[in-house]
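What follows is each chain in one-letter form.
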Amino acid sequence: MQALIRKPKPFYAKLHNQVIIAISAAIIMGAAWPNAAVKMKPLGDGFIKLIGMVIAPLVFCIIVSGISGMGSARRVARISVKTMAYFYVVSALALLLGLIAANLIPTGVGLNIDPRSIDTSSIAGYVTAAKDQGVIAFILNIIPVTMIDAFAKGAILQVVLVAALFGLALIHLGDRARVVKDLVDQLTRVVFSIVEMIVTLSPIGAFGAMAFTVGRFGLHSLLPLLKLVLLFYGACLAFVLIVLVPIARHVGFSILKFCRYIFDEILLFLSIANSEALLPRLMEKLERIGVPKSVVGLVVPTGYSFNLAGSSIYFTLCVIFIAQATNTALPLDRQLLILLIAMLMSKGATGFTGAGFVVLAGTLSAMPDIPMAGLALLLGIDPFMQRGRGLINYIGNGVAAIAIAAWEKDLDIAELNRRLDQGPDGEIALTPGAPVPLEVRSAVEGADADAARIRAE
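Residues numbered from 1 in each chain as written. Predicted model: local features only at pLDDT ≥ 70, side-chain atom pairs only at ≥ 80, totals over all residues. Heavy atoms only, no water.

K.L.:
Got a sec to walk through the overall build of the protein chain? Specific residues and values, please.
P.N.:
A count of helices and strands for the protein chain gives 21 helices and 2 strands. When each of the 457 residues of the protein chain is scored for burial, the buried share is 52%. A fraction of 84% describes how many contacts in the protein chain between residues 6 or more apart in sequence connect residues 24 or more apart. When the accessible area of the protein chain is evaluated, it comes to approximately 21100 Å², of which 66% is carbon and sulfur surface. (Helix = DSSP H or I, 4+ residues; strand = E, 2+ residues; numbered from the N terminus. Buried < 20%, exposed > 50% of the residue type's maximum accessible area, 1.4 Å probe, protein only. Contact = heavy atoms within 4.5 Å. Areas by Shrake-Rupley, 256 points an atom, 1.4 Å probe, with all protein chains shown as cover.)

If you want it as structure tokens, here you go:
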């Protein structure tokens, strides 16, 4: 009985409690001693770099192992097509939701800002970077100069391409490449073990990142554009309720239970504001609840460039806000054009610091009647909006992997729900006086019967 039922961990031993304590301490430090808090930034940066160094090898190992385990190139193609269809539909809904929210609650109307009066020196770098953004450039950038270059740069989509080709080659070679396939499987376990060691440092990283954010920007920096920030988070919540919840219900699981299952990662992300750094943890946890490695390996890394619902909401909402604030007329046909441009530009809106802001600049550059100078209005609040869009991206990619696995009929929904009920530790925790779950009771009774039989013999 004791082997199956564990006592709850002490308060201080739970990772999410450690992160909460770290965040609370960081907020206090940032408000009371902002100069000292800003100096904590290296703690957050160091943690992100530690995670970042294992993302490329982990993605490679998981995709190669997953694809080679499918045994059929046709199945790989089928899952890929379903994945892209899902991503484009969900992204379109997110873009449309941002457009509707901006029109229903026009937060920029009445600001009457003259674009010529805006200091654009702070956004010069983003505008320059935006010139390199485009559909053709994006597609060509998926192809690395060399295979090694993809890992050296940490370019996720390039690693995905190399891994997919490697996995397909292993399928083609069959038993002749069995040794290589087994080696990749073992490397995957090693990399996951490294990730677990790094994650134990997450409270330190959370403290450093949050202390810097509060100390550098201060909570008061939200006030001038608080309405836009609230509208953005409201639109994100609406997306979860209108899009993700129905998808989860159709599959047969609870979005709330899934969020509770990844609660540690949610808390950590709110501190470090880098969802890519938590990609390994998401992939590991999806495998724990029964999503096949092949689906996880294809869907999650690809989703970080093609399934960015939070970023999509941000793009359309902010473009309309800038137009409203600068009194730029946008009839319905122009707004629909913004929707199409943002659909193309939003792909690849991740992978480097300020990616969302750069892609927003790229979207504006394709709409010359909307003043690019309006970007300066958003620069101060972008770090706070970054958390919202990244969090929705993170949760959305998890839901996508589960949904596509169910679409493939490759997921045991009953087992999925059982593991979500158990929580991230994968064990059933009972409080004193709580009823013993049926499966535990049955297992214990069976174990007692076996023990009695052995004693009798």
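K.L.:
Would you mind going over helix 14 (residues 279–288) in detail, with residue names and values included?
P.N.:
In terms of residue burial, helix 14 counts as a mostly covered element, since 8 of its 10 residues are buried. Along helix 14, the residues that are buried comprise Leu279, Pro280, Arg281, Leu282, Met283, Glu284, Lys285 and Leu286. Gly290 sits one or two positions beyond helix 14 and adopts a positive phi of about 105°.

K.L.:
Provide a residue-level description of the pattern of salt bridges, including the pertinent values.
P.N.:
Tallied over the entire structure, the rule returns 8 salt bridges. Note that Glu415 and Arg419 form a salt bridge whose closest N and O atoms lie 2.5 Å from each other. With Glu415 and Arg419 both in helix 20 (residues 413–422), this residue pair falls 4 residues apart, about one helical turn. Of the residues examined, Glu415 reaches a relative accessible area of 21% and is grouped as partly exposed. (Salt bridge = Lys/Arg side-chain N within 4 Å of Asp/Glu carboxyl O.)

K.L.:
How would you explain helix 16 (residues 309–325) if you had to name every residue and give the values?
P.N.:
Residue pairs three or four apart in sequence face the same way in an α-helix, which turns once every 3.6 residues. Between its first and last C-alpha, helix 16 extends 24 Å over 17 residues, near the 24 Å set by a 1.5 Å rise per residue. For helix 16, the tally of buried residues reaches 17 of 17 residues, placing the bulk of the element in the interior. In the stretch just after helix 16, Asn327 is the one whose phi turns positive, near 55°. (Expected span 1.5 Å × (residues − 1).)

All we've got here are geometric facts, nothing functional implied.
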